[in-house]
Amino acid sequence: MQKENQKTSHHDVMPSVANFVSDLWFEGDFKEQPLYLQEIFELMLTTEFGDDRDLRLKMLSCLRTSRNLAETLSAFSDKQILKACSNVVVAKAV
């Protein structure tokens, strides 16, 4: 059975999220991602392709999620985020 098809316990979620946030935060400048997405989406919306209600709702959802994550983590330094993510991963290993 492939690893992605195996059932995981609820305890596996937090280390996975911690790894994701840690990787995401340190790949490029995530703090600017909401602005980048907004710029891309605004350009797309001026095209015929962008004139689609479902697409617009998905774009707004992506922006909201990205903005919320960036705002949530903005109160912390990069060092604090890395330490917290590492602590969660280490706690799982114990």
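For the structure, see preceding data.
Please read these numbers as outputs of a predicted model, since none were measured by experiment.

(A) Molecular detail of the packing of helix H2 (residues 33-45) against helix H3 (residues 53-74). Where H2 contacts H3, the two axes come as close as 9 Å, and the packing angle between them is 165 degrees. One way to sum up the angle between H2 and H3 is to call them roughly antiparallel. In this structure, the crossing between H2 and H3 has a hand that is left-handed. Along the contact surface, H2 presents Gln33, Pro34, Leu37, Gln38, Phe41, Met44 and Leu45, while H3 presents Leu55, Arg56, Met59, Cys62, Leu63, Ser66, Arg67 and Ala70. Residues belonging to the contact of H2 with H3 are distributed by class as follows: ten nonpolar, three polar and two charged.

(B) Seen up close, H3. Helix length check: H3 (22 residues) gives 31 Å between terminal C-alpha atoms against 32 Å at 1.5 Å per residue, within 8%. Those residues of H3 not exposed but buried are Leu55, Met59, Leu63, Ser66, Ala70 and Leu73. Taken down its axis, H3 places every buried residue within 110 degrees of arc, on the same side. More than 90 degrees from the buried face of H3, the exposed residues found are Arg53, Asp54, Thr65 and Thr72. The residue sitting at the N-terminus of H3 and contributing the capping side-chain oxygen is aspartate 52; that oxygen lies 3.1 Å from the backbone nitrogen of aspartate 54.

(C) Summary view of a nonpolar patch on the surface. Nonpolar side chains collect at one region of the surface, where Val13, Met14 and Val17 lie side by side and expose about 250 Å² of accessible area between them. The residue methionine 14 is located in helix H1 (residues 13-25) in this model. The class of methionine 14 is partly exposed, set by a relative accessible area of 49%.

(D) Structural detail: the nonpolar core. Of all hydrophobic cores here, the largest spans five residues; its members are Ala18, Val21, Leu73, Ile81 and Cys85. Among the secondary structure elements, those contributing two or more residues to this core are H1 and helix H4 (78-93).

(E) How the structure looks around the pattern of salt bridges. Overall, the coordinates contain one salt bridge when judged by the stated rule. A salt bridge links arginine 56 to aspartate 51; its shortest N-O distance comes to 3.8 Å. In this structure arginine 56 comes out as partly exposed when scored by relative accessible area, which is 33%. Judged by its relative accessible area of 60%, aspartate 51 falls in the exposed class.

(F) Representation of the environment of glycine 50 in the model. Along the polypeptide, glycine 50 turns up in the loop between H2 and H3. Those residues in contact with glycine 50, other than ones at most four positions away along the chain, are Met44, Leu45, Leu55 and Arg56.

What counts as what
- Residues numbered from 1 in each chain as written.
- Predicted model: local features only at pLDDT ≥ 70, side-chain atom pairs only at ≥ 80, totals over all residues.
- Heavy atoms only, no water.
- Axes fitted to C-alpha atoms, helices over the stretch in contact; angles between N-to-C directions.
- Helix = DSSP H or I, 4+ residues; strand = E, 2+ residues; numbered from the N terminus.
- Parallel < 35°, antiparallel > 145°, perpendicular 65-115°, else oblique.
- Left-handed = near helix turned anticlockwise from the far one by under 90°.
- Contact = heavy atoms within 4.5 Å.
- Nonpolar A, V, L, I, M, F, W, Y, C, P; charged D, E, K, R; others polar.
- Expected span 1.5 Å × (residues − 1).
- Buried < 20%, exposed > 50% of the residue type's maximum accessible area, 1.4 Å probe, protein only.
- Arc of directions from axis to C-beta.
- Polar contact = N/O pair within 3.5 Å; in protein donor to acceptor, adjacent residues only side chain to side chain.
- Patch = residues over 30% accessible without salt bridge, like charges linked within 9 Å, V, L, I, M, F, W, Y side chains within 5 Å.
- Areas by Shrake-Rupley, 256 points an atom, 1.4 Å probe, with all protein chains shown as cover.
- Salt bridge = Lys/Arg side-chain N within 4 Å of Asp/Glu carboxyl O.
- Core = buried A, V, L, I, M, F, W, Y, C linked by side-chain atoms within 4.5 Å.

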